[in-house]
Amino acid sequence: MSSIGSGVREIRIRVLGEWRVIYMAKLSDAVYVLHAFQKKSQKTNKNDIELAHRRFKKIGGNL
């Protein structure tokens, strides 16, 4: 998920639909979940990416 920021990763879950968890392990003792959502189309919704990016910036993330 380099479009959101450096070090941001995505977990894909396929149980009762498609789910995504966008997260960042900023420090060795912390994992920040930036956004979790159900995917309903092939392409990730722009609003979901923008929300994760805003949260990334709030925790001090840099592009």
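1. Observations regarding unusual backbone geometry
Not every positive phi belongs to a glycine, and Leu 16 is a case in point at roughly 55°. Topologically, Leu 16 is positioned in the loop between strand E1 (8-14) and strand E2 (18-27). Judged by its relative accessible area of 82%, Leu 16 falls in the exposed class.

2. Quick notes on a nonpolar patch on the surface
Side chains of Ile 11, Ile 13, Val 15, Leu 16 and Trp 19 sit close together on the surface and give an oily, nonpolar patch of about 500 Å² of accessible area. Tracing the sequence through the fold places Ile 11 in strand E1.

3. A short note on the side chain of Lys 39
When you line up the elements, Lys 39 lands in strand E3 (residues 30-39). Despite being buried, Lys 39 has no salt bridge partner; Glu 10 is the closest side chain of opposite charge, sitting 5.8 Å away. Here the side chain of Lys 39 touches Gln 42 through a polar contact of 3.0 Å, landing on its backbone oxygen. A distance of 3.4 Å separates a polar atom in the side chain of Lys 39 from a polar atom in the side chain of Thr 44.

4. Observations concerning the environment of Met 1
Assignment of secondary structure puts Met 1 in the segment before E1. In sequence terms Met 1 and Met 24 are 23 residues apart; their C-alpha atoms lie 10.0 Å from each other. Residues within four places of Met 1 in sequence aside, it is in contact with Val 8, Arg 9, Glu 10 and Ile 22.

5. A short note on the pattern of salt bridges
By the definition in use, this model includes five salt bridges. The partner of Arg 20 in a salt bridge is Glu 10, with the nearest N and O atoms 3.5 Å apart. Placement of the pair is Arg 20 in strand E2 and Glu 10 in strand E1, with a sequence separation of ten residues. Three or more residues are tied together by salt bridges with common partners; here these are Glu 10, Arg 12, Arg 14, Glu 18 and Arg 20.

6. Let's talk about helix H1 (residues 46-58)
The end-to-end C-alpha separation of H1 is 18 Å, in line with the 18 Å expected for 13 residues at 1.5 Å each. Inspection of H1 places Asp 48, Ala 52, His 53 and Phe 56 among the buried residues, and these make up the whole buried set. Down the axis of H1, the buried side of the element spans an arc of 130°, and every buried residue falls inside it. For H1, exposure combined with an orientation more than 90 degrees from the buried face picks out Lys 46, Asn 47, Lys 57 and Lys 58. Between a side-chain oxygen at the N-terminus of H1 and the backbone nitrogen of Asn 47 the separation is 2.7 Å; the capping residue is Asn 45. Positive phi appears at Gly 60, one or two residues downstream of H1, with a value of about 95°.

Procedures and definitions
- Positions within a chain are numbered from 1, following the residues in the order the chain's sequence is written.
- In view of the model being predicted, local features appear only for residues whose pLDDT reaches at least 70, and side-chain atom pairs are presented and counted only at 80 or more, with totals across whole chains, interfaces and linings using the full set of residues.
- Each side-chain value is derived from all of the structure's non-hydrogen atoms; neither hydrogens nor water enter the calculation.
- Starting at the N terminus, helices and strands are each numbered in turn, a helix being any DSSP run of H or I of at least four residues and a strand any DSSP run of E of at least two.
- Buried, partly exposed and exposed residues are distinguished by accessible area as a fraction of the type maximum, computed with a 1.4 Å probe on protein chains only: under 20%, between the cut-offs, and over 50%, respectively.
- A patch consists of residues exposed above 30% relative accessible area that lack any salt bridge, with like charges linked at up to 9 Å and nonpolar side chains (Val, Leu, Ile, Met, Phe, Trp, Tyr) linked at up to 5 Å.
- With residues, only the protein chains shown are counted as cover, and all accessible areas are computed by Shrake-Rupley using a 1.4 Å probe.
- Within this document, salt bridges are pairs made up of a side-chain nitrogen of Lys or Arg and a carboxyl oxygen of Asp or Glu, the two lying within 4 Å of each other.
- When charges are counted, Lys and Arg contribute as positive and Asp and Glu as negative, whereas His and the chain ends are disregarded.
- In protein, a polar contact means a hydrogen-donor-capable atom and an acceptor-capable atom, both N or O and within 3.5 Å, with residues adjacent in sequence counting only if both atoms are side-chain atoms; elsewhere, any N or O pair within 3.5 Å suffices.
- Any two residues whose heavy atoms approach within 4.5 Å at even a single point are treated as in contact.
- An expected span of 1.5 Å times one less than the residue number is assigned to each helix.
- As used here, the arc belongs to the directions running from the helix axis to the C-beta atoms.

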